[in-house]
Amino acid sequence: MSRRVAALLLLVLPALARAQYGGPGGLTPEDQNRNQLRDRLNSPVGKAASKVKLDEALRNFNSDDLPTRLEGVEQLGHSDDEAKAVGYLLQAANDPDMAIRLKAIDVLGTMRAKDAVGSLVQQLFMRGTEPTTKQHILVALGKIGDARATKPILDFLARDGDRGLRGNAIYALGDIGDQEAVEPLTHIADNGADPTLRSLAQTAVHKIQTKPAPEVIPSALAAERARREAEEKEKHATP
């Protein structure tokens, strides 16, 4: 490869990334929005507004009035400070009041709070967790869509004999979309004794297998690697 081709490659790769993903440096629109939100929240005005919003949610959450507490849980789900909000919501997910507990779990699912996966999985397997809470946890884990929950849910599916909860677990695995779940779900679809669970497993397998592959974004590191490979090839090609 000539030096001219290598230089052209260096110019074309970043340009292609920008053209394909619509942002500087190959950023996706989601990345750009996230960066803009982060910059806005890190500004003095943004930090002050975020604190006021979180403080209001916590005031409501700590109220003695149940409807007000439920409103506070909902507000935490819309907080700009997601890390703090998730911490408080995980506390609420273990609240003695079932209404608060279920609301918090549902909000964590709606937020797609990946930081909550470990705690929710742990709660799923606790002996004192009643079936209704387990049901909401499985739904939330499906919405979050983190593959770290796949194996625990498969273990839960193998152990728990409750038909309804097994159906929730199968549905959650379909929502997560992890290929690791295909083989055990296929086994249920082909050999399960319950026709409803067989149907759910078939649907889950189809959902996983037709899930779009994640987009691969050309990175600065990839461009640098291409440049070095081009230089190396040219060096060996030069007599």
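Residues numbered from 1 in each chain as written. Predicted model: local features only at pLDDT ≥ 70, side-chain atom pairs only at ≥ 80, totals over all residues. Heavy atoms only, no water.

**Topic: the overall build of the protein chain**
Defined as follows: Put simply, DSSP H or I for four residues or longer makes a helix, DSSP E for two residues or longer makes a strand, and each gets a number counted from the N terminus. Any residue under 20% of the maximum accessible area for its type is buried, any over 50% is exposed, and the rest in between are partly exposed; the area is computed with a 1.4 Å probe on protein chains only. Contacts are residue-level and defined by heavy atoms, with any inter-residue pair within 4.5 Å sufficient. The protein chains shown are the only cover counted for residues, whose accessible areas, like all others here, come from Shrake-Rupley with a 1.4 Å probe.
Looking only at helices and strands, one finds 13 helices and zero strands in the protein chain. When the elements of the protein chain are put in sequence order from the N terminus, they spell out α-α-α-α-α-α-α-α-α-α-α-α-α. Across the 239 residues that make up the protein chain, the buried fraction comes to 36%. Restricting the contact set of the protein chain to residue pairs at least 6 apart, pairs at least 24 apart contribute 59%. Total accessible area on the protein chain is roughly 14400 Å²; 55% of this is exposed by carbon and sulfur atoms.

**Here we look at the nonpolar core**
Basically, it comes down to this: Buried Ala, Val, Leu, Ile, Met, Phe, Trp, Tyr and Cys residues form a nonpolar core when they are joined through side-chain atoms within 4.5 Å.
Leu 89, Leu 108, Leu 120, Leu 141, Ile 153, Ile 170 and Leu 185 are the most contacted members of the largest nonpolar core, which has 50 residues in total. Sequence-distant contacts of Leu 141, defined by excluding residues within four places in its chain, comprise Val 117, Leu 120, Val 121, Asp 146, Ala 149, Ile 153 and Ile 176.

**Focus: the packing of aromatic side chains**
Threshold: For Phe, Tyr and Trp, where Trp contributes only its six-membered ring, two rings pair if their centres lie within 6.5 Å, and the inter-plane angle classes them as stacked under 30 degrees, edge-to-face over 60, or tilted in between. Placement of a charge over a ring requires the Lys NZ or Arg CZ to be within 6 Å of the ring centre, with the centre-to-atom vector within 35 degrees of the ring normal.
Under the defined criterion, the tally for this structure stands at one aromatic pair. Seen in terms of ring centroids, Phe 125 and Phe 156 are 6.0 Å apart; in terms of plane orientation they differ by 85°. Their pairing is edge-to-face. A residue pair is termed long-range when its members are at least 10 positions apart, and Phe 125 in helix α7 (residues 117–125) and Phe 156 in helix α9 (residues 150–159) qualify at 31 residues. For Phe 125, a relative accessible area of 34% puts it in the partly exposed group. For Phe 156, a relative accessible area of 3% puts it in the buried group. When the ring centre of Phe 61 is taken as origin, the NZ or CZ atom of Arg 69, which lies over that ring, is 5.0 Å away.

**What about α7?**
Cut-off, in case you're wondering: The arc in question is traced by the directions running from the helix axis to the C-beta atoms.
Those residues of α7 that fall on the buried side of the exposure criterion are Val 117, Leu 120, Val 121, Gln 123 and Leu 124. What you see down the axis of α7 is that its buried residues fit within an arc of 160°, all on one side. Buried residues along α7 sit against α6 (98–111), α8 (131–144) and α9.

**Thoughts on a positive patch on the surface**
Defined as follows: Residues enter a patch when their relative accessible area is above 30% and they make no salt bridge; the linking distance is 9 Å between like charges and 5 Å between nonpolar side chains (Val, Leu, Ile, Met, Phe, Trp, Tyr). Should a side-chain nitrogen of Lys or Arg be within 4 Å of a carboxyl oxygen of Asp or Glu, the pair is scored as a salt bridge. For the purpose of counting charges, residues Lys and Arg are taken to be positive, whereas Asp and Glu are taken to be negative. His and the chain ends are not included. Charged groups are reduced to one reference atom each: NZ for lysine, CZ for arginine, CG for aspartic acid, CD for glutamic acid.
A contiguous patch of positive charge on the surface is contributed by Arg 112, Lys 114, Lys 143 and Lys 211. When its relative accessible area of 43% is taken as the criterion, Lys 211 is described as partly exposed.

**Concerning the environment of Ala 116**
Inspection of the secondary structure puts Ala 116 in the loop between α6 and α7. Exposure remark for Ala 116: the relative accessible area of 0% places this residue in the buried category. Separated by 25 residues in sequence, Ala 116 and Leu 141 place their C-alpha atoms 8.9 Å apart.

**With respect to the side chain of Asp 146**
Considering the arrangement of structural elements, one finds Asp 146 in the loop between α8 and α9. Judged by its relative accessible area of 9%, Asp 146 is buried.

**So, the pattern of salt bridges**
Scanning the model with the defined rule gives eight salt bridges in all. Between Arg 148 and Asp 146 there is a salt bridge; the shortest N-O distance is 2.8 Å.

**Details of the packing of helix α4 (residues 66–76) against α6**
Between two packed helices, both the angle of their axes relative to each other and the distance between the axes serve to describe the pair. For clarity, the threshold we go by: Whenever a helix is involved, its axis is fitted only over the stretch in contact; in every case the axis is a line through C-alpha atoms, and angles between N-to-C directions fall within 0 to 180 degrees. Should an angle lie under 35 degrees it is considered roughly parallel, over 145 roughly antiparallel, and from 65 to 115 roughly perpendicular; all remaining angles are considered oblique. Left-handed is the label given to a crossing in which the near helix is rotated counterclockwise from the far helix by less than a right angle, and right-handed is the label when the rotation is clockwise. Amino acids outside the nonpolar list (Ala, Val, Leu, Ile, Met, Phe, Trp, Tyr, Cys, Pro) and the charged list (Asp, Glu, Lys, Arg) are all regarded as polar, and Gly is one of them.
Put simply, α4 and α6 touch, their axes get as near as 9 Å, and they point 15° apart. As far as their axial angle goes, α6 and α4 are roughly parallel. Considering how the two elements wind past one another, α4 and α6 form a crossing that is right-handed. Contact residues: Leu 66, Arg 69, Leu 70, Val 73, Glu 74 and Leu 76 in α4; Ala 99, Ile 100, Lys 103, Ala 104, Val 107 and Met 111 in α6. Here the contact of α4 with α6 is built from residues that sort into nine nonpolar, no polar and three charged.

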